[in-house]
Amino acid sequence: MHTTTIYRTICGMLEFQCWFCGEGIERSDGDALMIGIESLWRWAEGTRRKDAPYQNIYVHSRCAMDRMAGATMDLETSVFGEEE
């Protein structure tokens, strides 16, 4: 398992850093995201192994809404606990 993640444990508490803005993510951002990244084709073909590389990134909910708009679709607002 390979994860290049930006988090630390300090005195038993986890700290996460937003992939986009670099600021810490507070627990009060209840809709913050953890996004898993791995090979699309290994996943689609069912050929991924237990030790296949992947990466988790962490994102503020506001940064995700502002910066993760696609060319033909947006993230579903239900991911952020909002009604569509």
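What counts as what
Residues numbered from 1 in each chain as written. Predicted model: local features only at pLDDT ≥ 70, side-chain atom pairs only at ≥ 80, totals over all residues. Heavy atoms only, no water. pLDDT = per-residue confidence, 0-100. Helix = DSSP H or I, 4+ residues; strand = E, 2+ residues; numbered from the N terminus. Contact = heavy atoms within 4.5 Å. Salt bridge = Lys/Arg side-chain N within 4 Å of Asp/Glu carboxyl O. Buried < 20%, exposed > 50% of the residue type's maximum accessible area, 1.4 Å probe, protein only.

On to the confidence of the model for the protein chain, then. Averaged over every residue, the pLDDT of the protein chain is 83; the share at 70 or more is 81%. Mean pLDDT per element in the protein chain: strand 1 (residues 7-10) is the minimum at 58, and strand 3 (residues 24-25) is the maximum at 94. Scored below 50 in pLDDT, residues 1-5 makes 11 contacts in the model with residues more than four places away or belonging to other chains.

One pass over the structure, following the stated rule, counts three salt bridges. In this structure, glutamate 38 and arginine 48 form a salt bridge, with 2.9 Å as the shortest nitrogen-oxygen distance. In this pair, glutamate 38 sits in strand 4 (residues 33-38) while arginine 48 sits in the loop between helix 1 (40-45) and strand 5 (54-59), placing the two residues 10 residues apart along the sequence. Relative accessible area serves as the criterion here: at 38%, glutamate 38 is assigned to the partly exposed category. Taking the relative accessible area as the measure of exposure, arginine 48 reaches 42% and is therefore partly exposed. Aspartate 51 is the partner of arginine 49 in a salt bridge, and the nearest nitrogen-oxygen pair spans 2.9 Å. For aspartate 51, a relative accessible area of 47% gives the class partly exposed.

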